[in-house]
Amino acid sequence: MTAAAHIFRLDSVSKRYGETVALDNINLSVDRNEYVSLLGPSGFGKTVLLRTIAGFEAPDEGRIEVNGVDVSSLPAHKRGIGFVFQNFALFPHLTVADNIGFGLANRDVPAGKDEIATRVNDIIKLVGLEGLAARGVGQISGGQKQRVALARTLITEPKLILLDEPLGALDANLRGRMRNELRAIRERLGVTFLHVTGSETEALAMGDRIIVLDHGHIAQFDIPDTVYSAPATPNVAKFLNRYNVFDGSVSGTSFKTEYGDLAFTQKTKSDRPAYAVRYDRVAVDADESAGKGPSVPASFVASEYLGSSIMYFFEAMGGKVIEVEHHLSNGAPKTFDTEKSYRLRWKPEDAIVFG
Amino acid sequence: MAVPAKTSSSTAWLLIAPGVLWMTLFLVIPIAMIVYVSFWTQTTFKIEPTLTLASWQQFFGSDTYLTSLWTTVRIWLIVLAATLVIGYPTALYVGLFVKSKTLSTILLVVCVIPFWTSFLIRVLAWRPMLGKEGAINIVLQYFGIVDHPIEALLFTELSVIIGMTQIYCVFMVGPIAFMLGRIDPNIIEASRDLGAGFWRIFRKIIFPLSLPGVVVGAIFVSVMVLGEFATASALSGRKVNLLGNIIVTQVGSLKWALASVVGVILTIIMGIVVSLFLRVVDLRREL
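Everything numeric in this text was worked out from a predicted model, so none of it was measured.

**Student:** Break down the interface of chain A and chain B for me, with residues and values.
**Tutor:** With 17 residues of chain A at the contact, the number on the chain B side is 17 residues. Per-element tally for the side of chain A that touches chain B: the top contributor is helix H2 (residues 96-106) of chain A, with three residues. Of the residues in the side of chain A that touches chain B, the class split is eight nonpolar, six polar and three charged.

Quick look at the structure:
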């Protein structure tokens, strides 16, 4: 059997709940040995997509292929897919070791006691849970639970592991450490991870490639750098939380908005016209005159210190909030007066225009 | 404001005082009194507080009373098993298989509907059901399943067991359904994803997680069945004599000392049963 290049493929997969379209004609193919993050705001079909691939939900239409085999009608455990639940879903009455060994001890043809013990031991070392094997899962920390959830799936040797917001239940400090750990474990095992997250920083940091999901369809599927610097649709730009997005319409080489005409140089094809400019490409000018190049008048509201940079929040006409990021490597933070009017400027070539 | 340790400890005493008072007045003192009276001297017409073992010797020297002790234990075990066998699948359906919370609440309320009538009516309602010319025999004969009415249905140990199982089954269903309803559906999905079939998921995940419910249900049913007398006298035609029936009879004829002996024995049996059940699971941890 020649192994297909992709680990799984979705062919025109759709799913509806009554009137709501959860998945809208999804075509997707993910390679072997790759870390893919799936980004989208909550309620946009991320979890449904994951559960459909796993086999917990059946699609209304379309085909799901795993490892080159059509699994559309197979139950979850016959698909060779691991699943890590958002709340870990550990078995509360079992020890760490029994949780991890569950899949080996309870599949159709259970493994022998010695084999289970050896493999549980190996996997405990791999995920760094040494010394906790006999503990109950109620007696370990959040990060350790996360490792048990991962180990429990890894031991069944799936080629594809689906992770549903795996870091959502952890505190910020731990989340950072687990990010590195997840990537390292995946690289050691050479399996594919599909990691669902609502956090754009997590998606950018973890994925070799990023799928951006927007209202049940795939808006963009690319490497983080491309998604970040060249979002495919206005909504992708919005989800990234790094762009000021203005509504309006394209006319020639400028973009008409209620804040004035904004110049631009290149344009991306899209259903919905929008004008986007990254937070860190916007400069604040005390001179209120329109001057040359695209600019928007706005008044200063507040600032937020982030360590390596500082975020300034401005308010334009109609209460529209415009964010400006100032990297502290580019000079000391500036101070602005609240309620005072400023002019926000950027270069036309920094603008991304959809239309 | 920091509360001084002294105040908080006296507050604690104040808080448990009503409970302690209540339990002392209505539990500790009566039980102590029963134990005390069981050693009193009983003559035909009066009872005197002269301590004697006569009543205890009477109980353990009589075949009638020992048979009744054995009948009580036997019926308790059979009813406990029957309520578990009938109640667990019901609870499984109500607590786990029914996905809608509203529907499972409705089903639980349906289980409780018989309690809207009085206990005695519920017991007596079994007579026209089980009798020689009762509903069950009419239906069986109508369909030609039996030629002659089954007489063993009423006024036998079987009718007592049927009646008690029906009356107490809901006390088994409730706690089990409650525990099953608390199981995170993701846990069951996770075990399915790891390759476990339904039977294994039930044996390794669902049953152990519902065990506290089984224990609570078993304690309810045990305590109520062991102290039963009404069902036995109404449905057995006085052929089945439980310890409870003996107490009723003895109290009726003002034989307080022997009634107290039986009461003490029943209390001890219940104490043993409850503490055995509590050893199965640590309820404080589970609930």
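**Student:** Mind laying out the environment of Ile265 of chain B, listing which residues take part and the relevant values?
**Tutor:** Residue position: Ile265 of chain B is located in helix H13 (residues 256-280). What makes Ile265 of chain B buried here is the crowd of 20 C-beta atoms within 10 Å.

**Student:** Mind laying out helix H4 (residues 142-154) of chain A, listing which residues take part and the relevant values?
**Tutor:** Helical geometry note: an α-helix holds 3.6 residues per turn, so side chains three or four residues apart project in the same direction. Residues and elements named next belong to chain A. The terminal C-alpha atoms of H4 lie 18 Å apart, and with 13 residues this matches the ideal 18 Å at 1.5 Å per residue to within 8%. Most of H4 is tucked away: 10 of the 13 residues are buried. Burial in H4 covers these residues: Lys145, Gln146, Arg147, Val148, Ala149, Leu150, Ala151, Arg152, Thr153 and Leu154. Elements that come into contact with the buried residues of H4 comprise strand E6 (81-84), H2, helix H3 (113-127), strand E7 (160-164) and helix H5 (172-189).

**Student:** Any details on the domain arrangement of chain A? Residues and values, ideally.
**Tutor:** Domain boundaries assigned for chain A yield domain 1 (6-229) and domain 2 (242-354). The C-alpha centroid of domain 2 of chain A is placed 38 Å from the C-alpha centroid of domain 1 of chain A.

**Student:** Provide a residue-level description of unusual backbone geometry, including the pertinent values.
**Tutor:** Here the phi dihedral of Asn33 of chain A falls at roughly 50°; this positive angle occurs in a residue that is not glycine. By the element assignment, Asn33 of chain A lies in the loop between strand E2 (20-31) and strand E3 (35-39).

**Student:** Can you tell me about the sheet that holds strand E20 (residues 321-327) of chain A, naming the residues and giving the values?
**Tutor:** All names here are of chain A. Taken in spatial order, the five strands line up as E17-E21-E18-E19-E20 in an open sheet, and their pairing is antiparallel. Strands at the two margins of the open sheet, each flanked by one partner only, are strand E17 (283-285) and E20. Between one strand axis and the next, the sheet turns through 45° on average, direction left out of account. Pairing of strand E18 (residues 295-305) with strand E21 (residues 341-345) involves five bridges; the strand directions are antiparallel. Across the sheet, the residue bridging to Ser295 is Arg345, located in E21.

**Student:** Help me get a handle on the pairing of strand E14 (residues 260-263) of chain A, residues and values and all.
**Tutor:** Residues and elements named next belong to chain A. Sheet topology places strand E13 (residues 254-257) next to E14; four bridges connect them, and they run antiparallel. Across the sheet, residue Phe255 finds its bridge partner in E14, namely Leu262. Hairpin connection from E13 to E14: two residues lie between these consecutive antiparallel strands.

**Student:** How would you explain the nonpolar core if you had to name every residue and give the values?
**Tutor:** Grouped together as the largest cluster of nonpolar side chains are 154 residues, with contacts concentrated most on Ala151 and Leu162 of chain A together with Val262 of chain B. Broken down by element, this core gets its largest block of residues, 15 residues, from helix H8 (residues 157-181) of chain B. Two domains each put at least three residues into this core: domain 1 (6-229) and domain 2 (242-354) of chain A. The contacts of Ala151 of chain A, once residues within four sequence positions are left out, are Ile100, Ile123, Ile124, Val127 and Leu129 of chain A.

**Student:** Got a sec to walk through the sheet that holds strand E4 (residues 61-66) of chain A? Specific residues and values, please.
**Tutor:** All names here are of chain A. An order of E2-E1-E4-E5 is seen for the four strands of this open sheet, with the pairing classed as antiparallel. Two strands in the sheet have a free side with no partner beyond their single neighbour: E2 and strand E5 (69-70). Bridge count for strand E1 (residues 6-17) against E4 is five bridges, and the pairing is antiparallel. Residue pairing across strands places Ser14 opposite Glu61, the latter belonging to E4. Strands in contact with helix H1 (residues 46-54) are E1, E2 and E4; relative to E2, the strand with the most contacts, it is inclined by about 60°.

**Student:** An account of the packing of helix H3 (residues 63-97) of chain B against helix H10 (residues 198-226) of chain B is needed here, citing residue identities and associated values.
**Tutor:** Residues and elements named next belong to chain B. One can describe the packing of H3 onto H10 by two numbers: an axis separation of 10 Å at closest approach and a directional angle of 145°. Remark: the crossing between H3 and H10 carries right-handed chirality. Between H3 and H10, the residues in contact are Thr72, Ile75, Trp76, Val79, Leu80, Thr83 and Gly87 and Gly217, Ala218, Val221, Ser222, Val225 and Leu226, respectively. Across the contact of H3 with H10, the residue classes tally to eight nonpolar, five polar and no charged.

**Student:** Any details on the environment of Ile161 of chain B? Residues and values, ideally.
**Tutor:** Residues and elements named next belong to chain B. For Ile161, the location among the structural elements is in helix H8. The spacing of Ile161 and Ile78 is 83 residues in sequence and 7.4 Å in space, taken between C-alpha atoms. Setting aside chain neighbours within four positions, we find Ile161 in contact with Ile75, Ile78, Val79 and Ala82.

**Student:** Give a description of helix H9 (residues 185-193) of chain B that names residues and reports values.
**Tutor:** Among all positions in H9 of chain B, only Ile187, Ala190, Ser191, Arg192 and Asp193 of chain B are buried. Contact partners of the buried residues in H9 of chain B: H1, E6 and H2 of chain A together with H10 of chain B. One or two steps after H9 of chain B, the chain reaches Gly195 of chain B, where phi turns positive at roughly 100°.

Definitions and cut-offs
- Residues numbered from 1 in each chain as written.
- Chains lettered and ligands numbered in written order.
- Predicted model: local features only at pLDDT ≥ 70, side-chain atom pairs only at ≥ 80, totals over all residues.
- Contact = placed C-beta atoms within 7 Å.
- Helix = DSSP H or I, 4+ residues; strand = E, 2+ residues; numbered from the N terminus.
- Nonpolar A, V, L, I, M, F, W, Y, C, P; charged D, E, K, R; others polar.
- Buried ≥ 20, exposed ≤ 12 C-beta atoms within 10 Å, placed from the backbone.
- Expected span 1.5 Å × (residues − 1).
- Domains from an automatic or database assignment.
- Pairing = 2+ DSSP bridges.
- Axes fitted to C-alpha atoms, helices over the stretch in contact; angles between N-to-C directions.
- Core = buried A, V, L, I, M, F, W, Y, C linked by C-beta atoms within 7 Å.
- Left-handed = near helix turned anticlockwise from the far one by under 90°.

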